[in-house]
Every structure is written in structure tokens, then in C-alpha cells.
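Overview (structure and organization)
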Amino acid sequence: MDKLRARDDLSKTLGKDELMKKQLKAIIVCVTCTSVLFTAGAIAKEPSVLERAKTVNDRELGELIRIAIENLAETNDLKRFSERRLSSSGMSSEKYAELKNEHEKLKLELQGAEEIAIAKAIRSVTEVYAQIKLLDTQIEQTRIKMDSLSRSDAIFTELALAIAELEAKRSTQLAQLRQIMNIVPKYAFGHKPAKTLNGWLILDVIGDQVYTFKALRPFRESDTIKGNPRYTRMGSAEIINKMSQKEAVGYIKNYIKDKARHPFRIDITRTTAGKKLSEELYDDIVRTIKAEKLELESVVYLHTNVHDMSEYKSYLRGGEIYTRYDRGRRYPISGSEQEYIDECVSRLKEPKYLPYKYILEFDEESEELASRINDAILLKAKELKVEKLVEAKRVLCFDIYVDGHRIYNSLAESRDSNSKFIDEEDFIKQTVPEQLKKAKNLPIKYIVSCPSRNTNVERFKEAIKAAAKEASVQDMVEIE
């Protein structure tokens, strides 16, 4: 009986073990299946390598790649080439077809070069970007570690040196990234393209005074390649006020505090007499900008060239205005009298034109026109408070054509058989004295011309000089 009981107990024990083994297997299978399901789910959520290669989810990296591609020399070459238009003018159809084939061939070569350059740029930007982000993390973690230590800890100095080394590596990587992307970073007083400016002032130093102008929108500039500054203003300007050096610096200090004017540009131009003051003004303005910590928002140019009196001459004949008058040949202005006056006045609003001198050479028929123009320009100069910098000169002109002993008003009249002439002797004795009477009030100019072989003209000029001396107006008479 005992043996039977023992056998039953053994059978029961074996049965339990077997059952436990089966249960364990079932659990393992369940865990395995669950693990597989979780893994499959995870794999399903994680993008494939191909999808990750096709897409850049990092916005910053994506922006870097975009700019790098836009700035590629190959991309810009292709763009310029694509904008060219072939002309068949003066070509045979065969020659044009040949030229077109060459054009298409070159375009394909440029497209191929661009594709290679794009692939290289994407790889280079991505690699450098990854290095910079890694260095950012390493620097950040090292600083966190340093913050938990005191300066007396031995490792503190080592960590500080480690950070310096990491920052140097990061600067090198950033320099490499700029080169790849073909971009110029912001730097103190670096050039700001005109289209990015929100403020632009010009300080014209004339003697011991500073005339302040503001550039008017739209801001435009021209790349002169050489000179200082290399980029010169092309748009219009408007005069603000006349100031002393101290007033100008104070004005600039208030001007740059307005963030709506950032970034801004300041040009300093000067006359010969204003060179020393302009250099002092430049130093004062740079110090003011640095004190406000606005070096990155500004550019200040001290122009190397100087300007002095600007002189402009116009010719009034027969009640009309001409830009040139050369021995009877006339070059009329393109607009009306008022448009001419507006053009003259516009120069008074611009730096580098002041001081301004304009000369009106007119004949007797145009004297009233000359007075109107003169008065209008001087009135505007007074309104702009630059009248002390504007000099007006009116000159009464007598056009004379000498053909032997016959005197005409012009070459054209000498060729007209119906034109009247004056005998040389009568002209010297009667006409010239009457004309010289007007020299007491304004300058007179005799413009003398003649046929190429006329040897009498010099004697004729001497006769006029003698008459002017006799009338005591020789200082008011010019003979050309």
C-alpha cells in the first residue's frame, strides 16, 4: 500500500511539473509574440532609411540647405545663362540652328554641373551642421558640469580649457559652413545692401558746418567696384538742416535709438576745407554707435574723395533754354522752363553739389527768361536755408560771326543771302559802345567765330578790348 501511495504521489508531482512546463512555454510564447508585435509597431512608426534620406525634418538644416543651393555659383551661372535670348538677326537659318545647338549643349553642361554641385553642397552642409550641433551639446554639458563645481576644484580649469577648445572647433566649422553656403555673416559696421536698410543719412561737411541730408526711399545703390565706399547711393535725398559738429552727433544719437530705423547707414562727405572736421565727426559717430551697442545694425562711411564748388552753365538764346551752345550749334533741354528750374533746384537738396554755382549765359532776347530762372533758384535756396552756399551769375552774351569785314550774329546768318550784316568799322564804333553800357550792371561776353582762314579776327578782338578799356569796364568783359 505504501508503495502504491508513493507511486501516486510521484505521479501527481510529475503531473504538476509537466503542467508548470506547459504553462511556462505558453508564457514565453505570449511574451515573444507581444515583443514581436511591439517591435513591429515600433518599426511601423519609425520612417524607413529611404524616407529619412528623402526628407529633412530639421527645419534649421533644411533652411541651411536651401540657402546653400540658392547661393551656388553653378546655380547662378545657369540662371544667367537661361535668361539669355538668342537673336537670329543677320544670320542664316543654318548658322542660327548651329548656334542654337551649341546653346542647348552648354545649357545641359551647366545643368549637369549644377546637379553635382547641389549633391555636394547637401552632403557638406549636413556633415558640418551635425558637427556644430554635437559641439553645441558638448559645450552645454561641459558648462553644466562646471556650474556644479567651485573654482578651486582641480578639474574646473581643465573644463574651462575644454570649452575653449570646443568653441574653437565650432568657430572653424561655422567658417566652413559659411564658405559652403557662400554667405557673408553679420559683422561690426559691415556693409548693408540698400534694400535691407530702414534708415540712411548723409552728412556733408562743408567748411566748419555739417549739412544733414536723408536719403529718400526707395533706397538704391551702385556697385562701383573701386573707391570708398564701394557702394554709392543712387537714389534721391532731401536736406534736413545745417548743424555744428556737436549738434550733428546729438542728432545721430537720437536717430539711432529708433529701432524702426535699423539697420541704418551713415555717409560722411566733405569739401577740402571740411576734411579735418569730417574725420573728427566720423570718430564721434562710431563711438556713439559703439556706446549704444549697435555695431551690427550700422555702417558708417567716410568718403575718401572731396568735393568743392559745383558749377553748372546753361545757355539762353531766343527765349529758349539750351544745355550747350557751341559756335551756333544749339542743344535744347528736353523739358519745359519749370522742369529746368526743378532740375536746378533738385541739386540744392543733394549732398556733394553744394557749394553750388550756376551761370546763365543769355542773349538780349532772353534777358527776362534769365531773370525768372535766377529768381526762382535763389528763392528756393533761401527756403532750403542754403542761400549762402549758392552763387548765381548771369552773363549777357553777344554772338558774333566775322566774315572778312562783315559782322553777322551767327554762322547761319552769314550763309543766308537775305541776312543783314554790319560793317566791321561801324560795329566797333557804334554797336560795341552801346553794348558796353550794359557791362556796368552785369558781365558781358563776346563769343567770336569766323571762317578757318580769317586772319582778321584777332585784330577784331583787340578792338573790342580797347573799347572796353576806354569805357572802364574791361573787368566786366570777356571775349571768347
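Residues numbered from 1 in each chain as written. Predicted model: local features only at pLDDT ≥ 70, side-chain atom pairs only at ≥ 80, totals over all residues. Heavy atoms only, no water.

With that settled, the discussion passes to the overall build of the protein. When helices and strands are counted, the protein shows 13 helices and 16 strands. The proportion of buried residues among the 480 residues of the protein is 33%. Counting only contacts in the protein whose residues sit at least 6 apart along the sequence, the fraction spanning at least 24 positions is 71%. (Helix = DSSP H or I, 4+ residues; strand = E, 2+ residues; numbered from the N terminus. Buried < 20%, exposed > 50% of the residue type's maximum accessible area, 1.4 Å probe, protein only. Contact = heavy atoms within 4.5 Å.)

In this section: the environment of Lys276. One can find Lys276 in helix H8 (residues 275-291). Placed 71 residues apart in sequence, Lys276 and Val205 show a C-alpha to C-alpha distance of 9.5 Å.

Taking 1.5 Å per residue, 12 residues should reach 16 Å; helix H7 (residues 245-256) reaches 17 Å between its end C-alpha atoms and fits that length. The complete set of buried residues in H7 reads Ala248, Val249, Ile252, Tyr255 and Ile256. Seen end-on, H7 carries its buried residues on one side only, within an arc spanning 125°. The exposed residues of H7 that point more than 90 degrees off its buried face are Lys246 and Asn254. (Expected span 1.5 Å × (residues − 1). Arc of directions from axis to C-beta.)

Here the focus is the packing of helix H12 (residues 424-436) against helix H13 (residues 457-470). Closest axis-to-axis distance for the H12/H13 pair is 10 Å, and the angle between their directions is 40°. With respect to each other, H12 and H13 are oriented oblique. With respect to the hand of their crossing, H12 and H13 are arranged in right-handed fashion. On the side of H12, the interface is formed by Glu424, Phe427, Ile428, Val432 and Leu436, while H13 contributes Arg459, Phe460, Ala463, Ile464, Ala467 and Ala468. (Axes fitted to C-alpha atoms, helices over the stretch in contact; angles between N-to-C directions. Parallel < 35°, antiparallel > 145°, perpendicular 65-115°, else oblique. Left-handed = near helix turned anticlockwise from the far one by under 90°.)

Next up on the list: the layout of surface pockets. Within this model, the largest pocket holds a volume of roughly 370 Å³. Every residue lining the largest pocket is counted, 21 residues in all, and those nearest its centre are Asp363, Glu364, Phe398, Asp399 and Asn409. Sorting the residues of the lining of the largest pocket by element identifies strand E12 (390-403), strand E13 (406-408) and H12 as the ones contributing at least two each. Of the pockets and cavities examined, the second largest pocket occupies roughly 260 Å³. Along its surface, the second largest pocket is lined by Val184, Pro185, Lys186, Tyr187, Gly190, His191, Lys192, Pro193, Thr196, Pro263 and Glu297. Across the lining of the second largest pocket, the residue classes tally to five nonpolar, three polar and three charged. (1 Å grid on protein atoms, 1.4 Å probe; cavity = no way out; pocket = protein on both sides within 12 Å on 5 of 7 lines; lining within 4 Å. Points joined across faces, edges and corners; volume = space filled by probe spheres on them. Nonpolar A, V, L, I, M, F, W, Y, C, P; charged D, E, K, R; others polar.)

Mapped onto the elements, His103 comes out in helix H5 (residues 93-147). Note on His103: relative accessible area 15%, which makes it buried. Ignoring anything within four residues of it in the chain, the contact list for His103 reads Phe81 and Leu86.

Okay, the packing of helix H4 (residues 73-82) against H5 next. Packing of H4 against H5 brings their axes to within 8 Å, and their N-to-C directions diverge by 155°. Taken together, H4 and H5 sit at an angle that is classed as roughly antiparallel. Judged by the twist between their axes, the crossing of H4 over H5 is left-handed. Between H4, through Glu74, Thr75, Asp77, Leu78, Phe81 and Ser82, and H5, the contact on the second element is made entirely by His103, Leu106, Lys107, Leu110, Gln111, Ala113, Glu114 and Ala117. Class assignment of the residues belonging to the contact of H4 with H5 gives a composition of six nonpolar, four polar and four charged.

With that settled, consider the sheet that holds strand E2 (residues 209-215). Paired through their backbone hydrogen bonds, the strands of a sheet run either parallel or antiparallel. Strand order across the open sheet formed by five strands is E5-E2-E1-E6-E7, with mixed pairing between neighbours. With one partner strand each, in any of the chains shown, strand E5 (237-243) and strand E7 (298-302) form the two edges of the open sheet. Going from strand to strand, the sheet's axes swing by 20° on average, the running direction of each strand aside. (Pairing = 2+ DSSP bridges.)

Right, let's get into the environment of Gly199. Within the element layout of this structure, Gly199 appears in strand E1 (residues 199-206). Beyond its immediate sequence surroundings of up to four residues, Gly199 is in contact with Phe219, Tyr255, Arg261, Pro263, Phe264 and Arg265.

Of all six residues making up strand E15 (residues 444-449), six are buried, and the element is well covered by its neighbours. Covered by surrounding structure in E15 are Ile444, Tyr446 and Val448 together with Lys445, Ile447 and Ser449, the residues of both alternating faces. Pairing of E12 with E15, which is carried by six bridges, proceeds in the parallel orientation. In the strand pairing of E15, Asp399 is matched with Ile447. With three bridges joining them, E15 and strand E16 (residues 477-479) adopt parallel strand pairing. Following the sheet pairing, Ile444 is matched in E16 by Val477.

Let us look at the side chain of His303. Examined against the element boundaries, His303 turns out to sit in the loop between E7 and strand E8 (310-317). By relative accessible area, which is 7% here, His303 ends up buried. Polar side-chain contacts of His303 include one of 2.7 Å to the side chain of Asp267. Leaving out residues up to four positions away in the same chain, His303 has contacts with Asn228, Pro229, Asp267, Ile268, Thr269, Arg270 and Lys352. (Polar contact = N/O pair within 3.5 Å; in protein donor to acceptor, adjacent residues only side chain to side chain.)

Counted according to the given criterion, the structure contains 32 salt bridges. Note that Arg287 is salt-bridged to Asp284, the shortest N-O span being 2.5 Å. Residue Arg287 and its partner Asp284 are located together in helix H8, separated by three residues, close to a single helical turn. Its relative accessible area of 51% is what places Arg287 among the exposed residues. Ionic pairing is found between Arg317 and Asp399, a salt bridge with its closest N-O pair at 2.9 Å. (Salt bridge = Lys/Arg side-chain N within 4 Å of Asp/Glu carboxyl O.)

Below, the discussion takes up the packing of aromatic side chains. Summed over all chains, the structure comprises eight aromatic pairs. For the ring pair Trp200 and Phe219, a centre distance of 5.7 Å and an interplane angle of 70° mean the geometry is edge-to-face. Taken as a pair, Trp200 in strand E1 and Phe219 in the loop between E2 and strand E3 (221-223) lie far apart in primary sequence, 19 residues in all. We classify Trp200 as buried; its relative accessible area is 1%. (Phe/Tyr/Trp six-rings, centres within 6.5 Å; stacked < 30°, edge-to-face > 60°.)

Such coordinate-based values are descriptive only and should not be taken to indicate function.
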